Amino acid sequence: MIRLNVFLLIEKESNRRPLIEAATRLTELSLHDKGCISYDIYGSLTVDNHLMICETWNDRADLEQHMATDHFRTIVPQLQQLATMTMEEFTF
């Protein structure tokens, strides 16, 4: 399995609501992708401008298929315009 932790640093407060809306849409659609075990958005309780998308995939092929979907290729660039994105990847 593959776990991705995608960290989103919102540098402008005006980007927070559009970022949450885009990330929520990405989550809703991605949960239906083949091999998606879990996909969720988390917000910090102490810092308003930090969010994290945590996703778990069955294998690399399923993750790559997800990354080729229209919703991924459309929404991820929106997220990147609204926040600084960094990622951790774990295989287990």
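Residues numbered from 1 in each chain as written. Predicted model: local features only at pLDDT ≥ 70, side-chain atom pairs only at ≥ 80, totals over all residues. Heavy atoms only, no water.

*Asks:* If you had to explain the overall build of the protein to someone new, which residues and values would you point to?
*Replies:* Counting secondary structure elements, the protein contains three helices and four strands. Put simply, the protein runs from its N terminus to its C terminus through helices and strands in the order β-α-β-β-α-α-β. Projected onto the principal axes, the alpha-carbon positions of the protein cover approximately 35 × 25 × 15 Å. Within the protein, the proportion of its 92 residues that are buried is 38%. (Helix = DSSP H or I, 4+ residues; strand = E, 2+ residues; numbered from the N terminus. Buried < 20%, exposed > 50% of the residue type's maximum accessible area, 1.4 Å probe, protein only.)

*Asks:* Before we move on, could you go through the nonpolar core and cite the residues and values that matter?
*Replies:* Core analysis: the largest hydrophobic core is formed by 22 residues, its most contacted members being Leu-19, Ile-53 and Leu-79. Where this core is concerned, the elements lending two or more residues are β1 (2-9), α1 (16-30), β2 (36-43), β3 (50-57) and α3 (70-82). Aside from chain neighbours lying at most four places away, what touches Leu-19 is Leu-8, Ile-10, Leu-51, Leu-79, Leu-82 and Ala-83. (Core = buried A, V, L, I, M, F, W, Y, C linked by side-chain atoms within 4.5 Å. Contact = heavy atoms within 4.5 Å.)

*Asks:* Which residues make up a nonpolar patch on the surface, and what are the values?
*Replies:* Together, Met-1, Ile-37, Phe-90 and Phe-92 make up a nonpolar patch on the protein surface, roughly 400 Å² of accessible area in all. With respect to the element layout, Met-1 can be found in the segment before β1. (Patch = residues over 30% accessible without salt bridge, like charges linked within 9 Å, V, L, I, M, F, W, Y side chains within 5 Å. Areas by Shrake-Rupley, 256 points an atom, 1.4 Å probe, with all protein chains shown as cover. Salt bridge = Lys/Arg side-chain N within 4 Å of Asp/Glu carboxyl O.)

*Asks:* Can you lay out the side chain of Ser-30 for me, pointing to particular residues and giving the numbers?
*Replies:* Mapped onto the fold, Ser-30 is located in helix α1. Residue classification places Ser-30 among the buried positions, given a relative accessible area of 0%. Setting aside anything within four residues of it in sequence, one finds Ser-30 in contact with Cys-36, Tyr-39, Trp-57, His-66 and His-71.

*Asks:* Describe the pattern of salt bridges, and please don't skip the residues or the numbers.
*Replies:* Evaluation of the coordinates by the stated rule reveals three salt bridges. Asp-62 is the partner of Lys-34 in a salt bridge, and the nearest nitrogen-oxygen pair spans 2.7 Å. With Lys-34 in the loop between α1 and β2 and Asp-62 in helix α2 (residues 60-67), the pair connects residues that are 28 residues apart, well separated along the chain. Arg-60 is paired through a salt bridge with Glu-89; the nearest N and O atoms lie 2.2 Å apart. Of this pair, Arg-60 sits in helix α2 while Glu-89 sits in strand β4 (residues 84-91), placing them 29 residues apart in sequence. Note on Glu-89: relative accessible area 36%, which makes it partly exposed.

*Asks:* Give a detailed account of the pairing of β2, specifying residues and quantitative values.
*Replies:* The pairing of β2 with β3 spans seven bridges and is classified as antiparallel. Within β3, the residue paired with Asp-40 across the bridge is Cys-54. Taking the residues between adjacent antiparallel strands as the criterion, β2 and β3 are bridged by six residues. (Pairing = 2+ DSSP bridges.)

*Asks:* Run through the pairing of β1, naming residues and quoting values.
*Replies:* Of the pairings in the sheet, the one linking β1 to β3 comprises eight bridges and is antiparallel in character. The residue bridging Val-6 from the neighbouring strand is Ile-53, located in β3. As paired elements, β1 and β4 share eight bridges and run antiparallel to each other. Paired with Arg-3 across the bridge in β4 is Phe-90.

Remember, this is a structural readout, not a statement about activity or role.
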